[in-house]
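# Structural characterization, general
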Amino acid sequence: MDTRNKREIIKVDQLRRNFVVGGETVKALRSVSFTIHEGEFVTIMGTSGSGKSTLLNILGCLDTPSSGDYILDGVSVKDMSKNERAVTRNRKIGFVFQNYNLLPKTTSIENVELPLLYNPNIKAKQREAMAIKALEAVGLQDRLYHKSNQMSGGQQQRVAIARALVNDPVIVLADEATGNLDTRTSFSILVLFQELHARGRTIIFVTHNPDLAAYSSRNIVLRDGKVVSDVVNPNPASAKDVFDALPVENE
Amino acid sequence: MNLGNLLKIALKALNNNKMRCFLTMLGIIIGVASVITMLAIGQGSKNSIKAQISEMGSNMIMIHPGNMQRGGVRQSSDDMQTLEVADYEAIKENAKYISAISPSVNSGGQFINGNNNYPSTIYGITPDYLDIRKVKVKEGDIFDEQDIKTAAKVCLLGKTVVDNLFPEGENPIGRVVRFNKIPLTVIGVLEEKGTNSMGMDQDDVVLAPYTTIMKRVLAIDYIQGLFASALDEAHTDEAIDEITGILRERHKLNEEADDDFEIRSQQELSQMMNSTSDMMTVLLACIAGISLLVGGIGIMNIMYVSVTERTREIGLRMSIGARGIDILSQFLIEAVIISVTGGIIGVVIGALASWLVNMVAHWPVYIQVYSVVLSFAVCTVTGVFFGWYPAKKAANLDPIEAIRYE
């Protein structure tokens, strides 16, 4: 993909993050640098302990680096206060978690509206319209008023993705978003991510599963806190083809 | 973050946790309701004691002859003859702190009406006595000044005497009953008073002009005592001083001499009874206070557990952009809603329970405004304070740890 004229969404430069555990300093990230442009679908891979969770936390403005720079959508996150980072998360980032993290006993539309409730610039009327639009984007237009406990895992993850999209973020961060799902449902979620990518969304998908690299446009592999490979994949495989080929389970 | 959104978030969160919400409220409800009920019972009994005392005439003053020594021998007050009708007239004429006064002479004896007879006591008095002792005439009328002047042979009967002399239920008014062979025309019947707090039958009484008793029954020229009413309870002491002054002057007692009479008021009795009921109120307030405390601990407990239980929810809210202050506000609003709602329900249940105590156990109850305000305030403050602490804890959570909390 030609990225020369695209906007830089994420730029990390010599990112380091140290933790002090029991008097010993653990170096979770040792000088990580890369740039992600608008419209990329990046998978970040690594085994546990590779530092991918730490990287995700920093990219998601939940954590700050010990040293190095992180520029999100042209703004340096490093020197932001706690509250400024919260506002940044609210306006620029969409999170998708492995275990969905929906509010229990709450309808899809209310779950999706949640980030907008923390944004005082958005009026109640807009809120509902935006939530419906986001749910339509993930194919749940007929599940608007279902409660989270009345839906399957795949549907719940779609609600979570709609919640990540509702504030029109510059980046969607998915953390093992298919980790809790069976193969068929995993692929349906992957299909959704590819569709979102095709519509221009910038996505970072953190996973330990190497098979998923084939479906993204770029793959970054972390090991021991360092980037060991950063490969652009010019022809991502179609998740939809695989999904269609999978046998439909009839029990 | 505006308040409307916060309120919406808090209400949704409460709605999602109805059971926890209810349990938290229960602590407040029980605390508030028990404080209100117990204080209502305490105050009710205090009021009823007060009413009983004022029924007997809380501003009543009794004057008896007394403390007269003759050659070093103390005498029984019955034999003393130091009070005279002239004393009564002097007090009536000169005392400013007295609203009513009546001499008192009495005699026990057998009352006879045809075949029925009954032993009772006849009191010789003036019509003022009715005001002093809070006695009312049910039927007929009290005698007048003319009857007192002429020592008229008339009387008023208490209910117990009526029941025993007229067992068939005849109207006693206009009938003649005999007391120690003296015929007395019944001109009135007294309203029933029941037994007093000492268990004495207050209806076992016959009233007649004091002159009638002095001249026709006892044949004496002195009076056995005086009943008076102070203007009100607060002026009892002044009234006593005034009467003492008048009597000492009339009896020509010099500085060193002891009083040859004795004055008593109802205040001593009323103080004693009040201190008993005060003790009960304090006891009930202690119990109520403990239940408030237990309620508060319950609130704290559930609020605290709820933060732990909702760690993931807090983490999620933070990761989608809630600031620490937003989380703190949400938890505080939840605590306020729970506390205030619980407080209001507690007030209602406390009022109902008080009413029930009154209906079922027939205990007097009286709900005071201060007990409602106090218990409501204490519970609300407890709820909000114990809600604030875990809320603060929640607001300071690290979103990374919170979102991954299992």
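The model shown is predicted, which means the values in this text are computed figures rather than measured ones.

## Some points on the overall build of chain B
Along its length, chain B carries 13 helices and twelve strands. Put simply, chain B has 406 residues, and 40% of those count as buried. Residue pairs at least 24 apart in sequence account for 82% of intrachain contacts in chain B once pairs closer than 6 positions are excluded.

## Points about the overall build of chain A
A tally of helices and strands in chain A yields seven helices and ten strands. Expressed as a percentage of contacts within chain A between residues at least 6 apart in sequence, the contacts between residues at least 24 apart total 69%.

## Quick word on the sheet that holds strand β2 (residues 24-37) of chain A
All names here are of chain A. Pairing is antiparallel across the open sheet formed by four strands, whose spatial order is β2-β1-β4-β5. Whereas interior strands pair on both sides, the edge strands pair on one side only; in this sheet they are β2 and β5 (75-76). Looking at chain direction, strand β4 (residues 67-72) and β5 are connected through two bridges and run antiparallel. In the strand pairing of β5, isoleucine 71 is matched with serine 76.

## Describing the confidence of the model for chain A
Looking at chain A, the pLDDT average stands at 91 and 97% of residues meet or exceed 70. Per-element averaging of pLDDT across chain A places helix α7 (residues 239-245) of chain A at the bottom with 89 and strand β3 (residues 41-45) of chain A at the top with 95.

## Overview of the environment of leucine 374 of chain B
Residues and elements named next belong to chain B. Tracing the sequence through the fold places leucine 374 in helix α12 (residues 369-395). A count of 18 C-beta atoms within 10 Å places leucine 374 in the partly exposed class. The spatial distance from the C-alpha of leucine 374 to the C-alpha of valine 32 is 8.9 Å, given a sequence separation of 342 residues.

## Some thoughts on the interface of chain A and chain B
Every contact between the two is made by 22 residues of chain A and, on the other side, 21 residues of chain B. Among the elements of the structure, α2 (82-92) and α3 (108-117) of chain A are those that each provide at least two residues to the side of chain A that touches chain B.

## So, the environment of tyrosine 70 of chain A
Residue and element names in this part refer to chain A. Mapped onto the fold, tyrosine 70 is located in strand β4. Here the alpha-carbon distance between tyrosine 70 and threonine 35, two residues 35 residues apart in the chain, equals 9.8 Å. Aside from chain neighbours lying at most four places away, what touches tyrosine 70 is Val12, Leu15, Ile58, Pro65, Ser76, Val77 and Lys78.

## Re the pairing of strand β4 (residues 98-113) of chain B
Residue and element names in this part refer to chain B. Sheet analysis places β4 next to strand β11 (residues 225-230), joined by six bridges and oriented antiparallel. In the strand pairing of β11, isoleucine 101 is matched with alanine 228. Where β4 meets strand β5 (residues 116-125), nine bridges bridge the pair, whose relative direction is antiparallel. Residue pairing across strands places valine 105 opposite glycine 124, the latter belonging to β5. Counting the residues that bridge the hairpin from β4 to β5 gives two residues, and of these glycine 114 lies at a positive phi of roughly 60 degrees. Bridge count for β4 against strand β8 (residues 176-179) is two bridges, and the pairing is antiparallel. Looking at β8, one finds that phenylalanine 111 is bridged to phenylalanine 179.

## Examining the nonpolar core
In terms of nonpolar packing, the biggest core is built from 113 residues, with Val96, Val112, Ala162, Leu173, Ala174 and Ile204 of chain A together with Val32 of chain B touching the most fellow members. For this core, the element with the highest residue contribution is helix α2 (residues 18-55) of chain B, accounting for 13 residues. Contacts of alanine 162 of chain A, omitting those with residues within four sequence positions, involve Val112, Ala134, Leu135, Ala137, Val138 and Leu140 of chain A. Core analysis: the next-biggest nonpolar cluster, separate from the first, contains 51 residues, Val161, Val177, Val186 and Leu207 of chain B among them.

## Brief notes about the packing of α3 of chain A against helix α4 (residues 124-137) of chain A
Residues and elements named next belong to chain A. Look at α3 against α4: their axes get within 9 Å of each other, and the N-to-C directions meet at 115 degrees. The chirality of how α3 crosses α4 is right-handed. Contacts between α3 and α4 involve Ser108, Ile109, Val112, Glu113 and Leu116 on the former and, on the latter, Arg127, Glu128, Met130, Ala131, Ile132, Ala134 and Leu135.

## Some words on the confidence of the model for chain B
Scored by pLDDT, chain B comes out at a mean of 84, with 95% of its residues at no less than 70. Model confidence for the complex: the whole-complex pTM is 0.70, and ipTM, which rates the interface, is 0.90.

## What about the pairing of β2 of chain A?
Residue and element names in this part refer to chain A. Across ten bridges, the pairing between strand β1 (residues 8-21) and β2 is antiparallel. In the strand pairing of β2, valine 20 is matched with threonine 25. Linking β1 back to β2 in an antiparallel pair, the connection comprises two residues, with glycine 22 at a positive phi of about 55 degrees.

## Structural notes on the sheet that holds strand β9 (residues 218-223) of chain A
Residues and elements named next belong to chain A. Read from one edge to the other, the open sheet built from six strands follows the order β6-β7-β8-β3-β9-β10, with strand pairing classed as mixed. Single-partner strands in this sheet number two, and they are β6 (93-96) and β10 (226-232). For this sheet, the mean inter-axis angle between neighbouring strands, taken without regard to orientation, is 15 degrees. Note: β6 against strand β7 (residues 171-175), four bridges, orientation parallel. Considered in β7, the bridge of phenylalanine 95 is made with leucine 173. Docked against the sheet, helix α5 (residues 153-165) engages β6 and β7, running at close to 170 degrees with respect to β6.

## Some words on α4 of chain A
Residues and elements named next belong to chain A. If you check α4, its first and last C-alpha atoms are 20 Å apart, about what 14 residues at 1.5 Å a residue would give, namely 20 Å. What α4 keeps buried is the set Arg127, Ala131, Ala134 and Leu135. Projected onto a plane normal to the axis of α4, the buried residues spread over an arc of 95 degrees and lie on a single side. Counted as exposed and oriented over 90 degrees from the buried face of α4: Lys125, Gln126 and Ala129. Its buried side turned inward, α4 meets α3 and α5. Immediately beyond the C-terminal end of α4, within one or two residues, lies glycine 139, with a positive phi of roughly 80 degrees.

## Quick word on unusual backbone geometry
Of note in this structure, aspartate 224 of chain A is not a glycine but carries a positive phi near 50 degrees. As for its position among the elements, aspartate 224 of chain A is in the loop between β9 and β10. Of note in this structure, alanine 219 of chain B is not a glycine but carries a positive phi near 55 degrees. With respect to the helices, strands and loops of the structure, alanine 219 of chain B is situated in the loop between α7 (210-218) and β11. What makes alanine 219 of chain B exposed here is the crowd of 8 C-beta atoms within 10 Å.

What counts, and at which threshold
- Residues numbered from 1 in each chain as written.
- Chains lettered and ligands numbered in written order.
- Predicted model: local features only at pLDDT ≥ 70, side-chain atom pairs only at ≥ 80, totals over all residues.
- Helix = DSSP H or I, 4+ residues; strand = E, 2+ residues; numbered from the N terminus.
- Buried ≥ 20, exposed ≤ 12 C-beta atoms within 10 Å, placed from the backbone.
- Contact = placed C-beta atoms within 7 Å.
- Pairing = 2+ DSSP bridges.
- pLDDT = per-residue confidence, 0-100.
- Core = buried A, V, L, I, M, F, W, Y, C linked by C-beta atoms within 7 Å.
- Axes fitted to C-alpha atoms, helices over the stretch in contact; angles between N-to-C directions.
- Left-handed = near helix turned anticlockwise from the far one by under 90°.
- Expected span 1.5 Å × (residues − 1).
- Arc of directions from axis to C-beta.

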